[in-house]
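If you want the building blocks of each chain, they are given just below.
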Amino acid sequence: MDALILDSVVLGYGGKSVVSELSFALAPGEIGCLLGGSGCGKTTVLRAIAGFEALQAGRIALNGHWVADASWQLAPERRQIGMVFQDYALFPHMTVADNIGFGLREWTHVDKRSRVDEMLALVGLEDAGKRYPHQLSGGQQQRVALARALAPGPTLLLMDEPFSNLDVELRERLSIDVHNILKETGTTGLLVTHNQQEAFAMADRVGVMVDGQLQQWSSPYALYHEPATRHIATFVGDGVFLPARVSGQNCVSFELGELCRIQPLDVPADTAVDVLIRPDDIQHDDRSPIKAKVLERVFRGAAFLYTLELPSGDRVLSLVPSHHNHAVGEMIGIQLEIDHLVAFPKA
Ligand SMILES: Nc1ncnc2c1ncn2[C@@H]1O[C@H](COP(=O)(O)OP(=O)(O)OP(=O)(O)O)[C@@H](O)[C@H]1O
């Protein structure tokens, strides 16, 4: 039984539709993410799941029970959903312990205290119970918000851009920590963000939303290596398209050689296509007969991201460990190392 199901959900404001025919499901303990640019409808979807937006069509189920359709919806407080927001939304006049215990009003004093201690330990803030939110860093405040949302043992945790107020390093650390905490507690989670690193670090399944429509719902690995649409290929990760021709049922030929895949391409032989080449598909190899010219390089610490010009004049990106330090203008040997052929009919 799925923990969350959205079945052809349509949402909007007034007469305007904002989210169309949205369908996806999360198994218990799974973490999902809706990834998309500003205004694509991510927050509206979270609000509908929490019970704060009416559905224009479709239906939503939590743990095997339908909780909303176009004519009826279960009240938000009866859905057992926890929420974490971008701005933490902690009560400033309450201690950390009181914030975490806020949703446990019906628990006995002893049970509540032990649950609050358990949650403080879970988020690594054992000694912070008596402090107030303003005495904590942004990252610590977001940990408290997470502890407060998890304390009542929600069936689902919704997270709306939870790390966007934090600096890059902390964002990365906290997204890994939150992922581990949700897995440790077996909590099903749904995150919305515009940040793909966050989506990749947190989620088992990621859906890309464009103008209120879900374009692909799959693992982060598949989203990166097997994007279903041209839009996803360019929105998720770096890469370029190189011109190619279909050769046989499941192969393409292009400047860097021939690439094949197991499934047929569904495009007639000799059709012109664009083949997706990611920076990690181009390996630096001094012995390779294929030479490319370094046009640009960006130092990324552990690696350089090179922009290379092929003999045809087309450009590719190449991610190379940073001990291979080549100057702009230098010719370097490259070879293709790729195990996912992604090609779209020529734009
Ligand atoms: N209360 C409202 N009344 C009318 N239109 C709204 C309302 N809330 C949101 N919208 C519109 O619905 C669309 C989707 O908004 P939503 O907040 O869901 O997007 P989002 O993907 O979460 O964006 P962001 O990342 O910028 O928060 C936008 O065009 C927005 O202007």
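Per chain, residue numbering runs from 1 following the sequence as it is written. Side-chain atom pairs in this predicted model are given and counted only at pLDDT of 80 or more, local residue features only at pLDDT of at least 70, and totals for whole chains, interfaces and linings cover all residues.

Remarks on the overall build of the chain
Operational definition: A run of DSSP states H or I qualifies as a helix once it reaches four residues; a run of E qualifies as a strand once it reaches two. Both are numbered from the N-terminal end. Here a residue counts as buried when 20 or more other C-beta atoms fall within 10 Å of its C-beta, as exposed when 12 or fewer do, and as partly exposed in between; the C-beta atoms come from the backbone. Distance between backbone-placed C-beta atoms decides contact: two residues are in contact if it is within 7 Å.
In terms of regular secondary structure, the chain is built from 8 helices and 20 strands. Principal axes of the C-alpha set define a box for the chain whose edges measure 75 × 50 × 35 Å. Buried residues in the chain amount to 36% of all 347 residues. Contacts spanning at least 24 positions in sequence make up 63% of the contacts within the chain whose residues lie at least 6 apart.

Regarding the site of the ligand
Counted only if it meets this: Should the C-beta atom of a residue, placed from the backbone, lie within 6 Å of a molecule or strand, that residue is near it. Charged residues are taken to be Asp, Glu, Lys and Arg, nonpolar residues to be Ala, Val, Leu, Ile, Met, Phe, Trp, Tyr, Cys and Pro, and polar residues to be all remaining types, Gly included.
Around the ligand sit Tyr13, Val18, Gly36, Ser38, Gly39, Cys40, Gly41, Lys42, Thr43, Thr44 and His194, and that is every residue in its neighbourhood. Residues that form the shell around the ligand fall into these classes: 3 nonpolar, 7 polar and 1 charged.

As for the domain arrangement of the chain
This is how the line gets drawn: Bear in mind that the domain bounds are from an automatic or database domain assignment.
By domain assignment, the chain separates into domain 1 (4-231) and domain 2 (238-345). Distance between the C-alpha centres of domain 1 and domain 2: 38 Å.

Details of the environment of Arg245
Looking at the element boundaries, Arg245 is found in strand β11 (residues 240-246). By C-beta crowding, Arg245 is classed as partly exposed, having 17 other C-beta atoms within 10 Å. Considered as a pair, Arg245 and Pro345 are 100 residues apart in the sequence and their alpha carbons are 9.7 Å apart. Sequence-distant contacts of Arg245, that is, excluding residues within four places in its chain, are made with Val252, Ser253, Asp270 and Ala272.

Quick word on the sheet that holds strand β8 (residues 189-193)
In plain terms, the rule: For two strands to be treated as a pair, DSSP must find no fewer than two bridges joining them. A fitted line through C-alpha atoms serves as each axis, taken over the contacting stretch for helices, and the angle formed by two N-to-C directions is quoted from 0 to 180°.
Taken together, 6 strands build an open sheet; the order of strands is β6-β7-β8-β3-β9-β10 and the sheet is mixed. In this open sheet, the two strands that pair with only one neighbour each are β6 (81-85) and β10 (213-218). The sheet shows a mean angle of 15° between the axes of neighbouring strands, direction not considered. Sheet topology places strand β9 (residues 205-210) next to β10; 5 bridges connect them, and they run antiparallel. Directly across from Val210, in β10, lies its bridge partner Gln213. Helix α4 (residues 138-150) rests against β6 and β7 (156-160) of the sheet, and its axis sits at about 170° to β6.

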